[in-house]
Amino acid sequence: MKSPAQAGAPGSPGVTAPWARGIRRRQIVTLSDSLASPFTSLRAGIPFEGGLRCLCWKILLNYLPLEKALWSSLLKKQRDLYSQFLKEMIIQPGIAKANLGVSREDVTLEDHPLNPNPDSRWNTYFKDNEVLLQIDKDVRRLYPDMAFFQRPTDYPCLLILDPQNEFETLRKRVEQTTLKSQTVARNRSGVTNVSSPLKTTSNSLSEYEVLPNGCEAHWEVVERILFIYAKLNPGIAYVQGMNEIVGPLYYTFATDPNSEWKEHAEADTFFCFTNLMAEIRDNFIKSLDDSQCGITYKMEKVYSTLKEKDVELYLKLQEQNIKPQFFAFRWLMLLLSQEFLLPDVIRIWDSLFADDKRFDFLLLVCCAMLILIRDQLLEGDFTLNMRLLQDYPISDVHLILKKAKELQDSK
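Basis of the calculations
Residues numbered from 1 in each chain as written. Predicted model: local features only at pLDDT ≥ 70, side-chain atom pairs only at ≥ 80, totals over all residues. Heavy atoms only, no water. Helix = DSSP H or I, 4+ residues; strand = E, 2+ residues; numbered from the N terminus. Contact = heavy atoms within 4.5 Å. Buried < 20%, exposed > 50% of the residue type's maximum accessible area, 1.4 Å probe, protein only. Lys, Arg positive; Asp, Glu negative; His and termini not counted. Salt bridge = Lys/Arg side-chain N within 4 Å of Asp/Glu carboxyl O. Axes fitted to C-alpha atoms, helices over the stretch in contact; angles between N-to-C directions. Parallel < 35°, antiparallel > 145°, perpendicular 65-115°, else oblique. Left-handed = near helix turned anticlockwise from the far one by under 90°. Nonpolar A, V, L, I, M, F, W, Y, C, P; charged D, E, K, R; others polar. Core = buried A, V, L, I, M, F, W, Y, C linked by side-chain atoms within 4.5 Å. Phe/Tyr/Trp six-rings, centres within 6.5 Å; stacked < 30°, edge-to-face > 60°. Lys NZ or Arg CZ within 6 Å of the ring centre and 35° of its normal.

**As for the environment of Ile394**
Phase 1: On the secondary structure map, Ile394 appears in the loop between α19 (382–390) and α20 (397–409).
Phase 2: For the pair formed by Ile394 and Phe340, sequence separation is 54 residues and the distance between their alpha carbons is 9.0 Å.
Phase 3: Residues in contact with Ile394, not counting those within four places in the same chain, are Phe340, Leu372, Ile373 and Ile400.

Here it is, written out as structure tokens:
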């Protein structure tokens, strides 16, 4: 029997868990003969071999259509579009972009760094820096228990790194700016932040190896994805925690065994992340917290589901005044990405992405996590139980997914 980490790790088939049902499953099966075997069971997981997980995630996140004949043209169009985003948004006012068909433009005659006009490109540049500094702080410490994000990518963005193009990297932009990042109120639960003891590390940022010119670390790619997303979505921009959503997506695509797909991990991750955020972005919008689509409603849904499945445990948590926002805020908002090691997070996401009802299964996973430690919770006091819930003790995601499936079948 494989351990949970082994079961979800690259190169190993996923453990059994709920999978796509009905027409969605049948259509995925017919994509190719190579896909038929892993999906013959409704409870089959997604193997990593041959890039199946990467492919299926792109389909389940509505990036790729089910009709394989359309993939080539769509991918070219989307990847070209992403390159255009880079050209338009990773810029510094007044700097010419050689070899891009853009002539040198001296904007200082009509625009300058002290121009108070809201439409000033310099004004936009400085406002962008405030967002960028927060992104930079978060992505530099992404999954500190892994070396992957500090390592150089095999496919650095030549458009950005080519000195003839005169684009500056976001990392250099951060290093050169003297602006201070605005403090952004993230702690909406009022109790705990979005960090987890699992993700703490003793390494300081200064210990990270500085890569030579022409190279960029994987975290820099993630930073660029988040910056472009923030620029294109000013209504939400960047909220701390988005880095924990994009991280597993990028890691999965950047380790694709198919080099032709792996080369375009950045663009593909951007569009899959954008599609995923379209489904869960309400979690990140404070003004929607108390609406039916907001995070507060979803946290209360965890408790109402628990009441249905295990009323004794529900009453115990109620008696101790342990509110769902004390722990479920982070579980739901970040799709459990901070509660487990990355290979296990990826394994859980196989099931979440395949959920026909789009993340209803996440509520059952949260309930399963509570029920699996019910004996400890029933015996513990408030302090002990809070410690259990904020630093979840079970690492066997196979066990958790199995229990969630049992809860689902018991309806």
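**Thoughts on the side chain of Lys316**
Phase 1: By secondary structure assignment, the location of Lys316 is in helix α14 (residues 311–319).
Phase 2: No salt bridge forms around the buried Lys316; measuring N to O, its nearest opposite-charge neighbour Glu319 is 4.5 Å away.
Phase 3: Excluding residues within four positions of it along the chain, Lys316 makes contact with Leu377, Leu378 and Gly380.

**Considering the environment of Leu399**
Phase 1: Mapped onto the elements, Leu399 comes out in helix α20.
Phase 2: Look at Leu399 and you get partly exposed, because its relative accessible area is 36%.

**Quick notes on the packing of helix α4 (residues 52–60) against helix α10 (residues 242–254)**
Phase 1: Direction vectors running N to C along α4 and α10 enclose 130°, while the axes themselves pass 9 Å from each other. Accordingly, the angle class assigned to the pair α4 and α10 is oblique. In the packing of α4 onto α10, the handedness of the crossing is left-handed. Within the contact between the two elements, α4 uses Arg53, Cys54, Trp57 and Lys58 and α10 uses Pro248, Leu249, Thr252 and Phe253.
Phase 2: Taken together, the residues of the contact of α4 with α10 sort by class into 5 nonpolar, 1 polar and 2 charged.

**Quick word on the pattern of salt bridges**
Phase 1: Inspection of every chain in the model, using the stated rule, returns 18 salt bridges.
Phase 2: Close ionic contact of Lys262 with Asp154 constitutes a salt bridge, the shortest N to O distance being 3.8 Å. One end of the pair, Lys262, is in helix α11 (residues 259–262); the other, Asp154, is in the loop between α6 (121–140) and α7 (158–161), with 108 residues separating them in the sequence.
Phase 3: Within this structure, Asp310, Glu312, Arg374 and Asp375 form a network of salt bridges that share partners.

**Notes on the nonpolar core**
Phase 1: Among the nonpolar cores identified, the biggest contains 118 residues, and Phe149, Met242, Phe284 and Trp349 are the most heavily contacted of them.
Phase 2: With 11 residues, helix α17 (residues 360–371) is the largest single contributor of residues to this core.

**A look at the packing of aromatic side chains**
Phase 1: As enumerated under the stated definition, the model contains 18 aromatic pairs in all.
Phase 2: Ring centres 5.5 Å apart and planes at 50° place the aromatic pair Trp349 and Phe353 in the tilted group. One end of the pair, Trp349, and the other, Phe353, are both in helix α16 (residues 342–353), 4 residues apart, so they sit about a helical turn from each other. Considered together, Trp349 and Phe353 belong to a single accessibility category, that of buried residues.
Phase 3: Ring pairs connect the aromatic residues Tyr303, Tyr314, Phe327, Trp331, Phe340 and Tyr392, which therefore count as one cluster.
Phase 4: Looking at Lys58, its charged tip hangs above the ring of Phe253, at a distance of 3.9 Å from the centre.
Phase 5: Just above the ring of Trp261 sits the side chain of Arg79; from NZ or CZ to the centre is 5.9 Å.

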